[in-house]
Amino acid sequence: MKFGTLSDLSNLISELSPYKTVVLANTTVEKLWLDRLDGFEAERIVIPDGEEHKNIETVKGIWAKLQELGFTRKSLLIGLGGGVITDIAGFVASTYMRGTMLGLVPTTLLAQVDAAIGGKTGINFNGKNMVGTFYLPDFVLIAHETLSTLPRVELLNGMAEVVKYGILDRKVYSLLKKLGSVEDLDRELVKACVEVKLRVVEEDLREGGKRRILNLGHTTAHAIEKLSNYTIKHGFAVAVGLMVAAKLGEILYNFDPGKVEELLRKFELPTGLPFEPEKILGEMRLDKKAWYGRLTFVVPIEVGEVTIEEVEEDVVRRALEAVG
Ligand SMILES: NC(=O)c1ccc[n+]([C@@H]2O[C@H](COP(=O)([O-])OP(=O)(O)OC[C@H]3O[C@@H](n4cnc5c(N)ncnc54)[C@H](O)[C@@H]3O)[C@@H](O)[C@H]2O)c1
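Residues numbered from 1 in each chain as written. Predicted model: local features only at pLDDT ≥ 70, side-chain atom pairs only at ≥ 80, totals over all residues. Heavy atoms only, no water.

The protein goes by 3-dehydroquinate synthase in an unreviewed UniProt entry, where it is assigned to Thermococcus gammatolerans. Per UniProt, the protein has the following entry under Pathway (unreviewed entry): "Metabolic intermediate biosynthesis; chorismate biosynthesis; chorismate from D-erythrose 4-phosphate and phosphoenolpyruvate: step 2/7." Recorded in UniProt for the protein, the comment headed Catalytic activity (unreviewed entry) runs: "7-phospho-2-dehydro-3-deoxy-D-arabino-heptonate = 3-dehydroquinate + phosphate". (UniProt positions renumbered as here; feature names shortened; annotations may be inferred.)

So this is what it looks like as structure tokens:
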């Protein structure tokens, strides 16, 4: 894990001395950042921008291009972009010739604090992230300057995950308390979030236990995303999910939901439900079927302490109604 600038990339590459280097990016990031990279030799593969391209057809196209380029297991694939690119690059690197070298350079806030950290790769196949692997990269370079070109909505989208880390970890919480607005986001905060995720993932790579705390806010978020047909962005759904989790914490453990609401408001994230509580509950019930009949939530007890537990439907309903 390297916190630095894009100019560190050439060193990271030469330390691995790959046979060949290929950078994977999309058309947006190509113009903004890939064109500015120098100091090393690399081929490029550029794909269209969008979640709808995170699929097996795109992967097949990349596999074919790598073959054409004479890419081997001793070659390095670098994913430069948001979570869509880091997920695809990870998946391709883990499958092509049973595994090649992999470097990730996340360029969205969401990818820097979440998608590029922790070794999960994936593509969509009859459902979101239905096919994927666990594959740890040889390096992740977090270059803060890349966030300077990020549209505001994407910054806010990532900020919801940052607030999530703030509930899980006291240090992130106190850094967030000090920020005036999303514009003040700095390297220190991104680093603190990454450290939380790394600590959790080191204990539980394959999500057998502890890693599930990272799903704080996500039971509700998934229901909201599905109900909206994925027109509501993940981070905005997570924000509402964090509010619901905070209210569950209040009902079950006297947690103060005002702490979460204050942060979400400061970072211009939604704090109210976009659908009726019964609709959300209905969607959660469907999800519950998929998850072995359990309606499980990550519930805050206090900042820095959460539990993972099954929650009675009635209690969930009360929390949803309280969020309103
Ligand atoms: N593997 C994991 O553990 C994990 C975790 C969370 C999310 N994800 C995945 O991540 C994806 C979402 O990631 P995302 O929110 O980064 O979406 P994204 O990759 O689609 O990026 C969002 C938008 O920002 C643009 N962009 C990227 N970097 C930019 C920059 N520096 N300046 C300007 N524009 C830039 C992209 O082209 C895109 O249009 C989803 O597919 C999700 O499943 C994976």
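Novice: I tried to follow the overall build of the protein on my own but got confused; where do I start?
Specialist: Counting its secondary structure elements, the protein contains 13 helices and eight strands. Principal-axis analysis of the C-alpha atoms places the extent of the protein at approximately 60 × 40 × 35 Å. Taking all 324 residues of the protein together, the buried fraction comes to 53%. At a minimum sequence separation of 6, the contacts of the protein that also span at least 24 residues come to 72%. About 14500 Å² of surface is accessible on the protein, with carbon and sulfur atoms providing 49% of the total. Side-chain charges of the protein comprise 40 positive and 46 negative groups, with the mean position of each set lying 3 Å from the other. (Helix = DSSP H or I, 4+ residues; strand = E, 2+ residues; numbered from the N terminus. Buried < 20%, exposed > 50% of the residue type's maximum accessible area, 1.4 Å probe, protein only. Contact = heavy atoms within 4.5 Å. Areas by Shrake-Rupley, 256 points an atom, 1.4 Å probe, with all protein chains shown as cover. Lys, Arg positive; Asp, Glu negative; His and termini not counted. Charge placed at Lys NZ, Arg CZ, Asp CG, Glu CD.)

Novice: Explain the UniProt feature "binding site: Zn(2+)" (unreviewed entry) in the protein to me, please; I cannot follow it from the model alone.
Specialist: Residues annotated in UniProt with the feature "binding site: Zn(2+)" (unreviewed entry) correspond here to Glu161, His218 and His234. A compact arrangement is adopted by the annotated residues: their sequence extent is 74 residues, whereas the largest C-alpha distance between any two is 10.2 Å. As for the second largest cavity, its lining draws on His218 from among the annotated residues. Every residue in contact with Glu161, bar those within four places of it in the chain, is listed here: Leu110, Val113, Asp114, His218, His234 and Val238. Mapped onto the secondary structure, His218 falls in helix 9 (residues 218–227). For His218, a relative accessible area of 6% corresponds to the buried category. (1 Å grid on protein atoms, 1.4 Å probe; cavity = no way out; pocket = protein on both sides within 12 Å on 5 of 7 lines; lining within 4 Å.)

Novice: Looking at this structure, how should I read unusual backbone geometry?
Specialist: Most peptide bonds take the trans configuration, and most residues that are not glycine carry a negative phi. Unusually for a residue other than glycine, Met97 sits at a positive phi of about 50°. Considering the arrangement of structural elements, one finds Met97 in the loop between helix 4 (83–95) and strand 5 (101–106). Given the relative accessible area of 41%, Met97 is considered partly exposed. Within the chain, Asn129 stands out as a residue other than glycine whose phi angle is a positive 50°. Mapping Asn129 onto the fold places it in the loop between helix 5 (109–115) and strand 6 (139–143). Take Asn129: its relative accessible area is 39%, and that puts it in the partly exposed class.

Novice: Before we go on, may I ask you to explain empty space enclosed by the protein in this structure?
Specialist: A water-sized probe, rolled over the atoms, reveals where empty space remains. Counted under the stated rule, the structure contains two cavities of 30 Å³ or more. For the largest cavity, the calculated volume is near 60 Å³. In terms of lining residues, the largest cavity is bounded by 14 residues, among which Leu104, Ala115, Gly119, Lys120 and Tyr135 are the most central. Sorting the residues of the lining of the largest cavity by element identifies helix 4 and strand 5 as the ones contributing at least two each. For the lining of the largest cavity, the element with the highest residue contribution is helix 4, accounting for three residues. In the lining of the largest cavity, the residues fall into seven nonpolar, five polar and two charged. Along the walls of the second largest cavity sit Asn215, Gly217, His218, Thr219, Thr220, Gly241, Ala245, Phe297 and Val298, which together make up its complete lining. Taken together, the elements giving at least two residues each to the lining of the second largest cavity come down to helix 9, helix 10 (234–253) and strand 7 (296–302). Per-element tally for the lining of the second largest cavity: the top contributor is helix 9, with three residues. For the lining of the second largest cavity, a count of residues per class yields three nonpolar, six polar and no charged. (Points joined across faces, edges and corners; volume = space filled by probe spheres on them. Nonpolar A, V, L, I, M, F, W, Y, C, P; charged D, E, K, R; others polar.)

Novice: What should I look at first to understand the sheet that holds strand 1 (residues 2–4) in this one?
Specialist: Hydrogen bonds along the backbone pair up the strands of a sheet, which may run parallel or antiparallel. What the six strands build is an open sheet, ordered 1-6-5-4-2-3; its pairing is parallel. One side of each edge strand has no neighbouring strand; the edge strands of this open sheet are strand 1 and strand 3 (43–47). Recorded for the sheet is a direction-independent mean angle of 20° between the axes of neighbouring strands. Sheet contacts for helix 4: strand 2 (21–26), strand 3, strand 4 (76–81) and strand 5; angle to strand 4, the most-contacted strand, approximately 165°. (Pairing = 2+ DSSP bridges. Axes fitted to C-alpha atoms, helices over the stretch in contact; angles between N-to-C directions.)

Novice: I keep staring at the environment of Pro151 and nothing clicks. Help me out?
Specialist: Here Pro151 shows up in the loop between strand 6 and helix 6 (152–168). What makes Pro151 partly exposed here is its relative accessible area of 46%. Between the C-alpha atom of Pro151 and that of Leu80, which follows or precedes it by 71 residues, the distance is 17 Å.

Novice: Help me understand helix 7 (residues 170–178), please; the structure alone is not making it clear to me.
Specialist: Count 3.6 residues to each turn of an α-helix, and residues three or four apart come out pointing the same way. Of the residues making up helix 7, those classed as buried are Val172, Tyr173, Leu175 and Leu176. Viewed end-on, helix 7 has its buried residues packed into an arc of 165°, placing them on one side of the element. Those residues of helix 7 that are exposed and aimed more than 90 degrees away from the buried face are Arg170 and Lys178. The secondary structure elements touched by the buried residues of helix 7 are helix 6, helix 8 (187–203) and helix 11 (258–266). With a side-chain oxygen positioned 3.1 Å from the backbone nitrogen of Lys171, the residue opening helix 7 is Asp169. (Arc of directions from axis to C-beta. Polar contact = N/O pair within 3.5 Å; in protein donor to acceptor, adjacent residues only side chain to side chain.)

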